[in-house]
Structure formats: structure tokens, C-alpha cells
Amino acid sequence: MAEQKRILTGDRTTGKLHLGHYVGSLQNRVRLQHDYDTFILMADIQALTTHFENPALINGSIYDVAMDNLSVGLDPEKVTIVQQSQIKAIAELTVFYSMLVSVNTLRHNPTIKTEAANYGYNDMTYGFLGYPVSQTADITFCNADLVPVGEDQLPHIELTHKIVRRLNDLYGTNITEPKAMLSSCSRLIGLDGNSKMGKSLGNAIYLSDTAETVNEKVRLAVTDPSRIRAKDPGHPDICAVSTYHKVFNTEEYEDICERCKAGGIGCVACKRRLAEKLNELLDPFRERRAYYEAHKDLVKDIINTGSEKANRIGDETVAKVKEAMSLKI
Ligand code: SF4
């Protein structure tokens, strides 16, 4: 059997994951795990770049994020779940790679610029500015072939190419130049109609939310504001609830839109139907999560075992890079 290509993906450990993460990447991971050697990074060092003043949140989130991944159906027998801060190779490679990239290149990285503006950073920390270098180390310590990303992450992959090419050209190493695997997944708007569902925006449905919480959140979701009575003709194109039907209730989406426009369905009934569909999706996740919640030692074991395996691979990569850079006596 041909050797599987390796994928590196992961999540920042800054809180529980929500439906936006599911639609944007987790759902895809569940499919990919069957055909690729999948490494999933619990990115706690990257979380420090923006949440360094809240280490307790980062630490608690390592379990939460691992359980979110396991609850949606990632199989610990198939995938390798890794705690970023346990991997010595990532720290070492970050230092070596930092010699190969200029400060100006990092400053002009469009993703860094956008994210710095979003966080309101006038004066970025060295760690934040340099996180794409650390990301290159994340991808290359295990010689990942593919990195599933959204369009906004492409500049980081380009930087990874530059660094890897420079390293291979200068020192004759053969580190894999990874390819971006552009995600065709949808981006989910917030329940408040905000263009993004976000942990900090208070507009998210979490994968670990109870059915009652989902019902309540959907009940309060923003709809067409011009609609006062159930028989008023509605505008599904400006309604957050309809975009959720489109993603999570594809079979009924068209019909709901038509009925909304004709004043044939009220928002209360429409929301109730959406909540039912979301809970249908989330129920098996809740079941798996309950199992892992009751077996936290097992989750710890999965993370530690994955990290040990990653360390063995990373140590080999670092040894090769150090030798090529003449960092041996
Ligand atoms: S009926 Fe549904 S789609 Fe139409 S405005 Fe109300 S919640 Fe939105």
C-alpha cells in the first residue's frame, strides 16, 4: 500500500471550538483522516502570542480543544494529536528559521497586518510578529506534505515555502515544501448577523453546548428586522437563521426561503426547525464528548502519546538540520 501523505493542521487553544470551526475545518478533518496521516496540533504556544496574560485559559483549553476534535469523530487510533509546547523541535527550528526571514517580510505579511489590527496591536510582541516562522516549524518538524488552510492563511504558506527553499538551498537539506490544501468549506456568520462567528464575539454555538443552550441561542438569533408578524413577507437573504439552514438543513433550505418570502412560515417555527437540525448534528458529538469528559486520563494519554511520537519525528528533523547547518562538534 502506498505511503499516506502527511497533513498538519490544528487549533489555537484559546477556548472551546464552535460550529464555525466545525464547518471551516473539523468536518473536513474527519473526512481526511481516512486518506492522510493526520497530525493535529493543540497550538498552545501560538495561543500565547495573543493570550500570554491568561495561561489558565490556554491550559484548560488544551483538553477542551482535544475533546472537541475527538467528539466530532476524529479517531485517536488514526490521527496524531500533539501538544505544541511539548515538541522541542518546534522551538529549535523556530530559532534556526528566524535567521532566514527578515523583519520587514514579517511586518508586511498581510495576515499579520490584519490580525494585528483586529487585536488593536500598535506595538506587536516579537512572538506575535514571528508566529508565522513558528508555524513554519510546526509544519516542517514532521515533514508535512499538505496543510489545509483558508484563503487568509495563504501568505503564511508562502512564507513557509520561502523559508524552506532558503534552508534547502543554503544547507542542502531536503525538508518537504508543503502544499496548501485550500479548504472549500464555508465560513459561518455569527448568530447576531456578524460576518464571523467568534469566541470573543459572543455569537457562537459551541460544539459542547447543550440542546437547551442551542435552542435558546437560536431563539435569540437575528432575523429579518422588517418582519413583525408571521404572515409578513420576509427577506431570507438578510437573515442569519436562513444562512444556517443553508449549511445545516440543505434539504429544506430552498423551501424555507420560499415560504419565508411568501409569509408562509413564522420566524419562531423557522428557528425551532433550525435548532432541531443543529441538535441532530450535535447529539452524537455530545455523546462522544461525555465519554471523554468521564475519561480525562485517556485524553491526556492520547495527547501525550501523540506528542511522544511527534517528538521522535521532530528530533530526527532537527538532527538533520543541525548537521546541515554545521551545528555539531
Ligand atoms: S422565517 Fe426564517 S428565514 Fe425568514 S426571516 Fe424568519 S427566521 Fe429568517
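Residues numbered from 1 in each chain as written. Predicted model: local features only at pLDDT ≥ 70, side-chain atom pairs only at ≥ 80, totals over all residues. Heavy atoms only, no water.

Novice: Could you give an account of empty space enclosed by the protein, with specific residues and numbers?
Specialist: As enumerated under the stated definition, the model contains one cavity of 30 Å³ or more in all. Each pocket or cavity is described by its volume, and for the largest cavity that value is around 90 Å³. Taken together, Thr223, Arg227, Pro236, Cys239, Val241, Ser242, His245, Ile256, Cys260, Ile265, Cys267 and Cys270 make up the full set of residues lining the largest cavity. Where the lining of the largest cavity is concerned, the elements lending two or more residues are helix H11 (240-248), helix H12 (250-261) and helix H13 (267-294). Here the lining of the largest cavity gets three residues from one element, more than from any other, and that element is H11. (1 Å grid on protein atoms, 1.4 Å probe; cavity = no way out; pocket = protein on both sides within 12 Å on 5 of 7 lines; lining within 4 Å. Points joined across faces, edges and corners; volume = space filled by probe spheres on them. Helix = DSSP H or I, 4+ residues; strand = E, 2+ residues; numbered from the N terminus.)

Novice: Quick rundown of the packing of aromatic side chains? Include the residues and the values.
Specialist: One pass over the full model with this rule turns up seven aromatic pairs. Summarising the aromatic geometry, the rings of Tyr22 and Phe285 are spaced 5.2 Å apart at their centres and angled 55° between planes, so their arrangement reads as tilted. In this pair, Tyr22 sits in helix H1 (residues 19-32) while Phe285 sits in helix H13, placing the two residues 263 residues apart along the sequence. For the pair Tyr22 and Phe285, one class covers both residues: buried. (Phe/Tyr/Trp six-rings, centres within 6.5 Å; stacked < 30°, edge-to-face > 60°. Buried < 20%, exposed > 50% of the residue type's maximum accessible area, 1.4 Å probe, protein only.)

Novice: Please set out helix H8 (residues 131-140) residue by residue, giving values where relevant.
Specialist: With respect to burial, H8 is a largely interior element, 10 of its 10 residues being buried. For H8, every residue scored as buried is listed here: Tyr131, Pro132, Val133, Ser134, Gln135, Thr136, Ala137, Asp138, Ile139 and Thr140.

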